[in-house]
Amino acid sequence: MHKRVLTALLSFLFLAEVPLLALAQPTAPGLTPAPSQNIATGKGYWETPMDINNTQAVWDMLMAPVTVVKGNQKSQQTLYAQPDEASQPVGDVTRDSQGVHVLETLDNGWSLVETYSSSFHDSKVKAWNQLVQGYIRTDMLETRTPRDKYALLVDKLDQRLYIFEDGELYDVLVISTGLPNERQPYNETRSGEFLLVSPVGGFETEGLHAAMGLRFNFGDILHEVPHSLRGDTKNYERYEAVLGERASHGCIRVQRKRTPKGTNMTWVWNTLRNRMGTKLAIWEDLPGRQLPHVDPATDLYYNPQGGQNYHSQDTCYGVRDRYLPLTGFTYGELDTTPYSKLTACPYCVPPRRAEDIDAINNAHILP
């Protein structure tokens, strides 16, 4: 289902107060519960509200089993409008890595599933990240348990990568997901749940060089923010400038600058490249979703000796040691002198300014 169609549907539901389950439409995480293999526990991707502050619920979702299509990780399976391969194709699913939501298992050897269609540029099904329901042979499905200890969550609404370790939020990194346009609608990063399936390493595409790639969805790869080459010099400036915004061709670009914990894409690569089967969940930026505003009492930091950034912690790899520890102030003072001209540090991922949060929320309000 296209986002605009889903928006209209949700608007109608809110106005008419019609129970969501009565319409048998594709669901969205945290909005429309539907029957699934995880309904007894309520821990699946499709049953879990998109709320990063509910750490336990998110961790339970990240550890919940995933139903995937058997086969090669660089191939896809068609979903059909009816339990018949002669019926109309409605979507594409990447084998081995992409999770599907099982809605019904039929007695005739078919299952009804839903997922965000992983149609790519050369697909015959032009369903770019559309939320679809379709039929697949039941014997093509298998359920896998993701690796424990670590898991990843990408939120396309706030362009952040959340790293979980042993049930706790370990760290947050800034990312760029896909930027679709009229000519290339297939650039959208597909939402849903995935398993990391192969450590690709470095690669080059369309003149961009990327390092430490981890494949999660056929051609979509989690990798370090790309760079161009000028002789032997790597230039990241152009691509780092748009981290925190949609900018890629569908891959997920991850910051290379270290947080105070030393976390960046190098950390992700070193930690997870030998842990294939780790879950990566991707939340859709549905109309109606809103980013919460930041508590005015939240501690921030800056360097009063000419510093240009505000920081989330009093130590930061973006500041020379002689200026550490940084001086504290509060988020509520961010729009006052001398803090009003400070910009967000590209290392330690401080919270966005209120006006930037408002801009994102205004772009996602229901009409």
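Notes on the structure follow. (Residues numbered from 1 in each chain as written. Predicted model: local features only at pLDDT ≥ 70, side-chain atom pairs only at ≥ 80, totals over all residues. Heavy atoms only, no water.)

## Considerations on the environment of Leu334
Within the fold, Leu334 resides in the loop between strand 21 (327-330) and strand 22 (343-344). Put simply, Leu334 and Tyr310 are 24 residues apart on the chain and 8.7 Å apart in space, counted from C-alpha to C-alpha. Setting aside its immediate chain neighbours within four residues, Leu334 contacts Leu300, Tyr310, Phe329, Tyr339, Ser340 and Arg353. (Helix = DSSP H or I, 4+ residues; strand = E, 2+ residues; numbered from the N terminus. Contact = heavy atoms within 4.5 Å.)

## Section: the sheet that holds strand 12 (residues 198-205)
Pairing is mixed across the open sheet formed by nine strands, whose spatial order is 11-18-8-9-10-17-14-13-12. Pairing within the sheet leaves two strands with one partner each, and these edge strands are strand 11 (192-195) and strand 12. Here the average twist between neighbouring strands, direction ignored, is 30°. Two elements, strand 13 (residues 208-217) and strand 14 (residues 220-224), share three bridges in a ladder whose sense is antiparallel. In the strand pairing of strand 14, Asn217 is matched with Asp220. Against the sheet, helix 2 (residues 55-63) contacts strand 8 (150-155), strand 9 (160-165), strand 10 (168-176) and strand 18 (279-283), and its axis sits at roughly 110° relative to strand 8. Sheet strands touched by helix 4 (residues 265-272): strand 8, strand 9, strand 10, strand 12, strand 13, strand 14 and strand 17 (252-254). Its angle to strand 13, the strand with the most contacts, is close to 45°. (Pairing = 2+ DSSP bridges. Axes fitted to C-alpha atoms, helices over the stretch in contact; angles between N-to-C directions.)

## Some details on the nonpolar core
Core analysis: the largest hydrophobic core is formed by 26 residues, its most contacted members being Tyr45, Val58, Met61, Leu62, Leu153, Phe164 and Trp283. Counting residues per element, the ones that place at least two in this core are helix 2, strand 8, strand 9, strand 10 and strand 18. At five residues, helix 2 tops the list of elements feeding residues into this core. Phe194, Met212, Leu214 and Met265 belong to the second-largest nonpolar core, a separate cluster that totals 22 residues. (Core = buried A, V, L, I, M, F, W, Y, C linked by side-chain atoms within 4.5 Å. Buried < 20%, exposed > 50% of the residue type's maximum accessible area, 1.4 Å probe, protein only.)

## Observations concerning the layout of surface pockets
When its volume is computed, the second largest pocket comes out at roughly 720 Å³. Around the second largest pocket, the lining is made up of 29 residues, and of these Arg160, Val174, Leu243, Gly244 and Arg352 lie nearest the centre. Counting only elements with at least two residues in the lining of the second largest pocket, the list comes to strand 20 (309-310), strand 22 and helix 5 (354-362). (1 Å grid on protein atoms, 1.4 Å probe; cavity = no way out; pocket = protein on both sides within 12 Å on 5 of 7 lines; lining within 4 Å. Points joined across faces, edges and corners; volume = space filled by probe spheres on them.)

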